[in-house]
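This is what each chain is made of:
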Amino acid sequence: MQRLTKLIPALVFLSSCGSASLLDRISPEDGRDWLCLVPGRSWVYSMEMDGQPGPLIITNHLVLTSLFADSPHVVLSNSSWVNRQDPQVSAWYRTPRGWRQHCDLLLALPASVSGVSAQPARLDLPLLEMPWVAGTTIRSEGIQLIEGFPLPPENIPVPLEGIVTASSSIEATDIGMDAGGKRHEECIVVRIISEMRLVTGAASGPWTRGDSIMYSREELLLWLAPDTGIIRFEMLRDGRDFWNRYSRTSVRGELFN
């Protein structure tokens, strides 16, 4: 069983010396882009993963998938950058106010499991939305009611609650920093914290109602430069799977060129 993770993506916002003039400069109408989530865009980072350095290319691309409706969604194509093989359970899409994400916790379950359904079919949560003002924090929660999952070890179908909570805060705006061999001005710093849990809705075998059978938490700190995208990041993820196996991963990266 693959462990539940990610909502990398999952909500965004930060704190700093924001102002109305800065807000005007980063409004969608000015044509500037702090995320650069466009098809085929790639970055090379110098990285440190659990203390082990090494460069890695990360590519963002748009996909059309019936899993998240027939509209463009952005995902990170190089999921191995966090040294895992977990399924993609969320994707981002653009709105007039910025970016939101669709999430489906059924995608974290084994592909071999059939007859499982969820209501609603997917969660719709904010990722990065205007206004981008220092000190702004957004919190949200979504719940999927999952039916028909054969819970081990008896493999008896048990109802589950899939719970996603996320917060994003703008921690700094209009800052300058060096990365990738150049100076970047008007950067934004964003902290995203997301948690995902699968909780039993009925007793089954060793499980009692309300037990958390899967859990993951991710804290992501991003430095965003206009018309460049992510120039630095720090990520800490921990989680526990069905077999109570605990995992913890830390990743740091900075734009290489």
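A.B. asks: Give a detailed account of the overall build of the protein, specifying residues and quantitative values.
C.D. replies: When you go through the protein residue by residue, the secondary structure sums to one helix and 13 strands. Ordered by position from N to C terminus, the α and β elements of the protein give α-β-β-β-β-β-β-β-β-β-β-β-β-β.

A.B. asks: Describe the pattern of salt bridges, naming the residues involved and giving the relevant values.
C.D. replies: Scanning all chains against the criterion turns up 10 salt bridges. In this structure, Glu185 and Arg183 form a salt bridge, with 3.4 Å as the shortest nitrogen-oxygen distance. For Arg183, a relative accessible area of 46% corresponds to the partly exposed category. Between Glu234 and Arg252 there is a salt bridge, and its shortest N-O distance comes to 3.4 Å. Separated by 18 residues along the polypeptide, Glu234 in strand 12 (residues 229–240) and Arg252 in strand 13 (residues 246–255) bring together distant segments of the chain. Accessibility expressed as a relative area gives 28% for Glu234, which makes it partly exposed.

A.B. asks: Can you tell me about the pairing of strand 4 (residues 90–95), naming the residues and giving the values?
C.D. replies: Both faces of the sheet carry side chains from a regular strand, because those side chains alternate between them. With five of six residues buried, strand 4 is to be regarded as a mostly interior element. Where strand 4 lies against strand 5 (residues 98–103), six bridges are found, and the strand directions are antiparallel. Of the residues in strand 5, the one forming a bridge with Ser90 is Cys103. Here strand 4 folds back onto strand 5 in antiparallel fashion, the turn holding two residues.

A.B. asks: So, unusual backbone geometry: which residues are in play, and what are the values?
C.D. replies: Residue Pro120 is reached from Gln119 by a cis peptide bond, and omega for that bond is 0°. Here the amide bond leading from Pro152 into Pro153 is cis, since omega sits at 5°, within 30 degrees of zero. Assignment of secondary structure puts Pro153 in the loop between strand 8 (137–151) and strand 9 (156–179). Backbone geometry places Asp50, a non-glycine residue, at a positive phi of 50°. Positionally, Asp50 belongs in the loop between strand 1 (41–49) and strand 2 (52–63).

A.B. asks: Break down the nonpolar core for me, with residues and values.
C.D. replies: Side chains that are nonpolar tend, in soluble globular proteins, to be buried together. Residues Tyr45, Trp99, Trp132 and Ile231 are the most contacted members of the largest nonpolar core, which totals 36 residues. Every element with two or more residues in this core is listed here: strand 1, strand 7 (123–129), strand 9, strand 10 (182–200), strand 11 (212–225), strand 12 and strand 13. For this core, the element with the most residues is strand 11, which contributes six residues. Setting aside residues no more than four positions away along its own chain, Tyr45 makes contact with Gly54, Pro55, Leu56, Ile58, Ile230, Ile231, Phe233, Gly253, Glu254, Leu255 and Phe256. In terms of nonpolar packing, the next biggest core, distinct from the first, is built from 21 residues, Val89, Ala108, Leu123 and Leu198 among them.

What counts and how
Residues numbered from 1 in each chain as written. Predicted model: local features only at pLDDT ≥ 70, side-chain atom pairs only at ≥ 80, totals over all residues. Heavy atoms only, no water. Helix = DSSP H or I, 4+ residues; strand = E, 2+ residues; numbered from the N terminus. Salt bridge = Lys/Arg side-chain N within 4 Å of Asp/Glu carboxyl O. Buried < 20%, exposed > 50% of the residue type's maximum accessible area, 1.4 Å probe, protein only. Pairing = 2+ DSSP bridges. Core = buried A, V, L, I, M, F, W, Y, C linked by side-chain atoms within 4.5 Å. Contact = heavy atoms within 4.5 Å.

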